[in-house]
Number of protein chains: 2
Amino acid sequence: MVTLAERLGFAADTRLLIVHCDDLGSTRSANVAIREAFDASTATSASLMVPCPWASSAVATFAGEDVGVHLTLNAEWEAYRWRPLTPAPSLRAPDGGFRRTVDDLWAHADLDEVRGECRAQIKQAFTWGIDVTHLDSHMGPLQLRADYFEIYLELAREFALPLRMVGASMERAFGLAGRKLARAAGVIFPDHFVYADVGSRTAIEHALRELRPGVTEVYLHPAVDTDELRASHPDWANRVADHAFLTSEPGLRALAESAGARLIGFRELRQLQRGA
Amino acid sequence: MVTLAERLGFAADTRLLIVHCDDLGSTRSANVAIREAFDASTATSASLMVPCPWASSAVATFAGEDVGVHLTLNAEWEAYRWRPLTPAPSLRAPDGGFRRTVDDLWAHADLDEVRGECRAQIKQAFTWGIDVTHLDSHMGPLQLRADYFEIYLELAREFALPLRMVGASMERAFGLAGRKLARAAGVIFPDHFVYADVGSRTAIEHALRELRPGVTEVYLHPAVDTDELRASHPDWANRVADHAFLTSEPGLRALAESAGARLIGFRELRQLQRGA
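Here is what the cut-offs are and how they apply
- Position labels on residues start from 1 in each chain and follow its written sequence.
- To label them, take the chains in the order written and letter them from A, then take the ligands in the order written and number them from 1.
- Per-residue local features are limited, in this predicted model, to residues with pLDDT of at least 70; the limit for side-chain atom pairs, both in listing and counting, is 80 or more; totals at the level of whole chains, interfaces and linings are taken over all residues.
- The side-chain quantities take in all heavy atoms of the structure and omit both hydrogens and water.
- Cysteine sulfur pairs qualify as disulfides if the two atoms are within 2.5 Å.
- Using a 1.4 Å probe on the protein chains alone, a residue whose accessible area is under 20% of its type maximum counts as buried, one over 50% counts as exposed, and one in between counts as partly exposed.
- The contact rule is simple, with two residues in contact once any of their heavy atoms fall within 4.5 Å.
- Once two parts are brought into contact, the accessible area they lose, counted with a 1.4 Å probe and summed over both, makes up the buried area.
- Criterion for a salt bridge: a side-chain nitrogen of Lys or Arg within 4 Å of a carboxyl oxygen of Asp or Glu.
- A 3.5 Å cut-off defines polar contacts: any pair of N or O atoms within that distance qualifies, except that in protein one atom must be a possible hydrogen donor and the other a possible acceptor, and neighbouring residues in sequence count only when both atoms are side-chain atoms.
- Secondary structure elements are defined from DSSP: runs of H or I of at least 4 residues count as helices, runs of E of at least 2 residues count as strands, and each element is numbered from the N terminus.
- Overlaid copies result from least-squares superposition on C-alpha atoms, with residues included only where pLDDT is at least 70 in both.

Q: Quick question: what am I supposed to make of the state of the cysteines here?
A: In protein structure, a disulfide is the covalent linkage between the sulfur atoms of two cysteines. All names here are of chain A. Applying the stated criterion across every chain, the model contains 0 disulfides over all chains. The cysteine Cys21 is free of any disulfide, with Cys52 supplying the nearest cysteine sulfur at 16 Å. With relative accessibility at 0%, the residue Cys21 sits in the buried group.

See below:
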């Protein structure tokens, strides 16, 4: 079988690495940190939370960069809130914002409203002029349940975009066949996904030391230290640590070099997806 | 003619003062500062920007306080954005957020969409459990054009709420007859309004030194100094100055005392409005 690396024009044993930043647009703090991670030539891709207050301002500062849509169906923080783009009553907590947990979403959301809201977010990103490179799922609801995954896959096909995909072991844990379904649908995704909590430097270091041939995606949640970040995000210190890992030396970049990794973005996968 | 002061149960020559904080819910910084201004027993009323990211979190911290709805039809900052609650395409800038200026709003907004959005904001505030005491208009579009003022007045009647009203000289400047129309409609509003830019300590000091009998409303835009405030609000220093004016000694409270003012909120006006 021809590997993804080969299809991308590399030898089969090449180690290709996507260094992805999540939560672009969620706060000013995230926007600043992700910009610095790109400027440090460490981050190669990011995904935008379209419904958030700082999303549209990221458009200009990330022009031409590898940016996808971080499909957003939750607003997890207590005080700092964002709302769906569409009316979507089933996606809303009593205060009108998105529900705070994936469980609460899954328990109440109407699938047509999920599909409509996700499509609206992608269309809004295109309207803003973003050359959307891929799709992923904020907090994972679209990736971890079969009926939601169908929508995720449907949108990937509709917009001819590659997807983030959880690893094979997590698929087993949730009883999913996402990779198989995506392959059957001709939707491209990285070979390996390094699952890591916010601030999981150790997990990423470990994965980079044992980096396998093929395309691996690691993802981080960098943010700079601000009053608002501290007040709104209980995990702020881990986000600040992710920023340091991406922008300080020696950090992720040095580790990737030691691993012999070649950095790429999702744009290369999208090119393949579109048969270019 | 019986004066408003008399209708409120005071002698006709009583100087009554509403010390109002605008922009509650707009930022965490505003929420913290306004809470401190209430705690200092200086601020007596505030109004909430329902569509903003920090609005719903203000509900719990201002339970029982004198809080109205700061009807919001603009999102004036470059990078930090908020959107209508309703679909309302005519109220939106190209990025989907509210238009940045009153001019742009007036040039494009459909009046039915204005009415629908304002009504949705008031209803959302009630749904959150806020005992809404009054209405006012963020950046003033509802107060400064006759067709918009009709909606403002209609909502006051529908929800039996008192209104902020611009002063007589500003009415003349805009060719409006708002006070006359409101009186005819039986809608209550303070006698005097001290128009002041953000951070206009001097204008407010002057007004308090010459405080007239009857009900005067002064309004401020307090915010505490944070990275996000500085990054999003070019007028941040004036907002921080408003906070100091409200919470430091000698400040607004001492001036009000020297003027012999009695502090009240909009709740007293609402009681009258509702014939209680």
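Picking up after the structure, the text goes on.
Q: I tried to follow the interface of chain B and chain A on my own but got confused; where do I start?
A: Often, the extent of an interface is quoted as the loss of accessible area on bringing the components together. If you look at the interface, chain B gives 23 residues, while chain A gives 23 residues. In total, about 2100 Å² of surface goes out of reach between chain B and chain A, with carbon and sulfur atoms giving 49% of it. By the criterion of area lost to chain A, the three top residues of chain B are Trp54, Arg83 and Glu228 of chain B, representing 30% of everything that side buries. For Glu228 of chain A, the salt bridge identified is with Arg28 of chain B, shortest N-O distance 3.6 Å. Our count for the contact surface shared by chain B and chain A stands at 14 residue pairs in polar contact (both at pLDDT 80 or more). Of all the elements in the fold, those that place two or more residues in the side of chain B that touches chain A are helix 2 (28-39), helix 3 (56-61) and helix 10 (227-232) of chain B. Considering each element in turn, the side of chain B that touches chain A owes the most residues, 4 residues, to helix 10 of chain B.

Q: How do you make sense of the relation of the copies chain B and chain A when you look at a structure like this?
A: Expressed as a screw operation, the relation of chain B to chain A combines 0.0 Å of axial shift with a rotation of 180°, fitting to an RMSD of 0.0 Å. This pairing of chains is accounted for by a two-fold axis. Residue by residue, 100% of the interface of chain B is reproduced at the interface of chain A, so both copies engage with the same surface.

Q: I'm lost on unusual backbone geometry in this one. Help?
A: Among all residues save glycine, negative phi is the norm, and among peptide bonds the norm is trans. Omega for the peptide link from Glu249 of chain A to Pro250 of chain A comes to -10°, which places this bond in the cis form. Secondary-structure assignment places Pro250 of chain A in the loop between helix 11 (236-247) and helix 12 (252-258). Residues other than glycine seldom take positive phi values, yet Asp23 of chain B does so here, at roughly 70°. The residue Asp23 of chain B is located in strand 1 (residues 15-24) in this model. Among the residues examined, Asp23 of chain B registers a relative accessible area of 3% and is labelled buried. Located in the positive-phi region is Ala88 of chain B, a residue other than glycine, with phi close to 30°. You can see Ala88 of chain B is positioned in the loop between strand 3 (67-71) and helix 4 (102-108). You can call Ala88 of chain B buried: its relative accessible area is 5%.

Scope: geometric values only; no functional claims are made or implied.
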